[in-house]
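Commentary on secondary and tertiary structure
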Amino acid sequence: MLFLRRFYSKSGRISQILKTNKPGDSLAIQGWIKNVRRLKNNTFLDINDGSTSSRFQVVVPRTPENQHLAPGSVIAAVGEIQVAPNGSFELHANQVEMLAEGRLQEGYPFSPKQKHPPEYVREHLHLRSRVDFVAAQMRVRHKAQKALHDYMDEQDFVQINTPLLTTNDCEGAGEVFRVQPDSQDLLKQMNRPNIPIEQSYFDSKVFLSVSGQLHLEAMTYGLGKTYTLSPAFRAENSKSPLHLAEFYMFEAELAHLEELEKLARFIEQMLKSVTSRLLETSGEDLSFCQRNSNSNSDLPWLQVPWKIMSYDEALQVLQENKDSLKTPISLNEGFSKDQELFLVAHCGAPVFVVDWPAQQKPFYMKVSRTNPNRVHALDLLMPAVGELCGGSLRESDPAILKSHPQLPKDLEWYVDLRKYGGVPTGGFGMGFERYLQLVTGVKNIRDVIPFPRYPHSCKM
């Protein structure tokens, strides 16, 4: 027993076995038993340790001592790597220790041999990392974050941790969550004259952030190129498979940016590079997710140049094909998802829709100097998910910005950024979970985040 403990303290991860081991090597592994097959002389254990979507076979002699091994149990095994009849590596174990019993008969919701629908799995958030499909999603999520961070670091961007508590509603849509202490006694203790009791802690209304953009801009005026990957919160009454109340937003800001097309090309190059890296590091997990989602694994948009078309051109295409659309066209709002997907199919590639009507976009977007009814904004439309990124040149003229009818109060500091050594800037935001849906083919956004929060559901 002492030998076994010392040996498996240096045990390897299953995902690395093919890369670092060869037949005849001694090996120690630890993991969960996913399936057990008992034949005349041997017992075959399918083991998974969370590092890969593939299971690893451990062969142990069929003895009375091994009869207690069952699905769900956690084991440590020591033995020698051999090649199975199907050409895969397997471990012929000479020592096995059970570290924890599975007890799957005592109310465990997932049958080892059954494929459960995502809606059912979602009802058991605290256990769903043990489902292969969810575990693969989480590994892809990790590698996608790493690829984004690596790419931005190579491009000399500075990562900024933008605040989650803020006094502004960046998008101006009113879809914010209020924040205040739950203790009424504390609020009364801290209350100051002329301050509403519910605002006693900060002396003002405070919200969960809907975007880190404005804070990111403040940093960009001193650092040049910045980005963040931070939680964002939207109080929307939406049950859409593309929306969450809490999600992660990837945002970037670039100084000395005066052309919207340069921003579009930066986004295209970033997404192609990050996705290519993800295919290299997580190809097995991506394929596993795509198969489970019955989606296309080719990602053909990696191989083609992306299109740019103006809002007016896009609107004309939709109006000429309105009989093929599921939703009516609105001149006062943006395009619906089915209209976005129609434009992508029409172009045969992802498409940047640029130069939007000013009334459809927030106050910080740069007004066209030749057509004040338009702003230099872009939406990136992608297959399957529709809008993936939204961005713009930022308004650099403090006078124009200050006179904007939608400029929120208490944002004098944002105008001040333009006064003291202001430069032209631009940037964009991308919903990280929506990007994961794009590359994995997962239909519901609630299945690409560990603990989804949405209307009427905030479990754990």
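A brief report on the enclosed structure follows. Only a predicted model underlies this, so the values are computations on that prediction, with no experimental measurement involved.

**Brief notes about the overall build of the protein**
- Helix and strand counts for the protein stand at twelve helices and 15 strands.
- Taking all 460 residues of the protein together, the buried fraction comes to 49%.
- Across the protein, every contact between residues at least 6 apart in sequence was considered, and the portion connecting residues at least 24 apart equals 67%.
- Summed over its atoms, the accessible surface of the protein is roughly 23,000 Å², and 50% of this surface lies on carbon and sulfur atoms.

**Digging into a nonpolar patch on the surface**
- A contiguous nonpolar patch, built from Val158, Met219 and Leu223 and spanning about 230 Å² of accessible area, is present on the exposed surface.
- Following the sequence through the fold, Leu223 ends up in helix α6 (residues 213–223).
- By relative accessible area, Leu223 is classed as partly exposed at 45%.

**A look at the pattern of salt bridges**
- Evaluation of the coordinates by the stated rule reveals 21 salt bridges.
- In this structure, Lys272 engages Glu268 in a salt bridge whose closest nitrogen and oxygen atoms are separated by 2.8 Å. One end of the pair, Lys272, and the other, Glu268, are both in helix α7 (residues 260–293), four residues apart, so they sit about a helical turn from each other.
- Overall, the relative accessible area of 8% leaves Glu268 in the buried class.
- The shortest N-O distance in the salt bridge between Glu395 and Arg369 comes to 2.7 Å.

**Quick word on empty space enclosed by the protein**
- Applying the stated rule across the entire model yields three cavities of 30 Å³ or more.
- Approximately 50 Å³ is the volume found for the largest cavity.
- Of the residues belonging to the lining of the largest cavity, the class tally is six nonpolar, four polar and three charged.

**Some thoughts on the packing of aromatic side chains**
- The final tally for this structure, using the stated rule, is 16 aromatic pairs.
- A ring pair is formed by Tyr108 and Phe110, whose centres lie 5.7 Å apart and whose planes are at 85°; its orientation type is edge-to-face.
- Owing to a relative accessible area of 23%, Tyr108 belongs among the partly exposed residues under this scheme.
- Between Phe157 and Phe266, the aromatic rings sit 5.5 Å apart at their centres with planes inclined by 35°, giving tilted as the arrangement. A residue pair is termed long-range when its members are at least 10 positions apart, and Phe157 in the loop between α4 (132–154) and β6 (158–159) and Phe266 in helix α7 qualify at 109 residues. Per residue, the accessibility class of Phe157 equals that of Phe266, and both read buried.

**Re the pairing of strand β2 (residues 42–48)**
- Within β2, six of the seven residues are buried, which leaves it mostly tucked inside the rest of the structure.
- Pairing between strand β1 (residues 26–38) and β2: six bridges, direction antiparallel. Bridged to Trp32 within β2 is Asn48.
- Between β1 and β2, which pair antiparallel and follow one another directly, the connecting turn spans three residues.

**Re unusual backbone geometry**
- Positive phi outside glycine occurs at Asn194, with the angle close to 70°.
- With respect to the secondary-structure elements, Asn194 resides in the loop between α5 (184–190) and β8 (207–208).
- In this structure, Asp203 takes a positive phi of about 65° despite not being glycine.
- Mapped onto the elements of the fold, Asp203 is located in the loop between α5 and β8.

**Here we look at the sheet that holds strand β4 (residues 74–83)**
- The strand order around the closed barrel built from five strands is β1-β2-β3-β5-β4, with neighbouring strands paired in mixed fashion. Sheet twist, expressed as the mean angle between neighbouring strand axes with direction ignored, is 55°.

**Observations regarding the sheet that holds strand β11 (residues 307–310)**
- If you trace the eight strands from one edge of the open sheet to the other, you get β6-β9-β10-β15-β14-β13-β12-β11, paired in mixed fashion. Of all strands in the sheet, those with a lone pairing partner are β6 and β11, marking the two edges.
- In terms of strand pairing, β6 meets strand β9 (residues 225–233) through two bridges, oriented parallel. In the sheet register, Val158 faces β9, and the bridge partner there is Thr226.
- Packing of helix α9 (residues 337–347) onto the sheet brings it into contact with β11, β12 (351–357), β13 (374–382) and β14 (386–393), and relative to β13 it is tilted by some 75°.

**Some words on α4**
- A rise of 1.5 Å per residue sets the reference length of α4, with its 23 residues, at 33 Å; its end C-alpha atoms lie 33 Å apart and thus fit the reference within 8%.
- Positive phi appears at Asp156, one or two residues downstream of α4, with a value of about 70°.

**Digging into helix α8 (residues 311–320)**
- Residues of α8 that are buried include every one of Tyr311, Ala314, Leu315, Val317 and Leu318, and no others. Buried residues along α8 cover an arc of 160° about the axis, so they all sit on one side.
- Those residues of α8 hidden inside the fold are in contact with β11, α9, β12 and β13.

**What to know about the side chain of Ser73**
- Tracing the sequence through the fold places Ser73 in the loop between β3 (56–61) and β4.
- Residue classification places Ser73 among the buried positions, given a relative accessible area of 2%.

**Focus on the nonpolar core**
- Within the largest apolar cluster, 60 residues are counted, with the highest numbers of intra-cluster contacts made by Met270, Leu271 and Tyr435.
- With twelve residues, the top contributor of residues to this core is α7.
- Not counting the four nearest positions on each side in its chain, Tyr435 is found in contact with Ala144, Leu271, Val274, Thr275, Leu278, Leu388 and Met430.
- Within the second largest apolar cluster, 31 residues are counted, among which are Ala314, Val344, Leu381 and Val423.

What counts and what doesn't
- Residues numbered from 1 in each chain as written.
- Predicted model: local features only at pLDDT ≥ 70, side-chain atom pairs only at ≥ 80, totals over all residues.
- Heavy atoms only, no water.
- Helix = DSSP H or I, 4+ residues; strand = E, 2+ residues; numbered from the N terminus.
- Buried < 20%, exposed > 50% of the residue type's maximum accessible area, 1.4 Å probe, protein only.
- Contact = heavy atoms within 4.5 Å.
- Areas by Shrake-Rupley, 256 points an atom, 1.4 Å probe, with all protein chains shown as cover.
- Patch = residues over 30% accessible without salt bridge, like charges linked within 9 Å, V, L, I, M, F, W, Y side chains within 5 Å.
- Salt bridge = Lys/Arg side-chain N within 4 Å of Asp/Glu carboxyl O.
- 1 Å grid on protein atoms, 1.4 Å probe; cavity = no way out; pocket = protein on both sides within 12 Å on 5 of 7 lines; lining within 4 Å.
- Points joined across faces, edges and corners; volume = space filled by probe spheres on them.
- Nonpolar A, V, L, I, M, F, W, Y, C, P; charged D, E, K, R; others polar.
- Phe/Tyr/Trp six-rings, centres within 6.5 Å; stacked < 30°, edge-to-face > 60°.
- Pairing = 2+ DSSP bridges.
- Axes fitted to C-alpha atoms, helices over the stretch in contact; angles between N-to-C directions.
- Expected span 1.5 Å × (residues − 1).
- Arc of directions from axis to C-beta.
- Core = buried A, V, L, I, M, F, W, Y, C linked by side-chain atoms within 4.5 Å.

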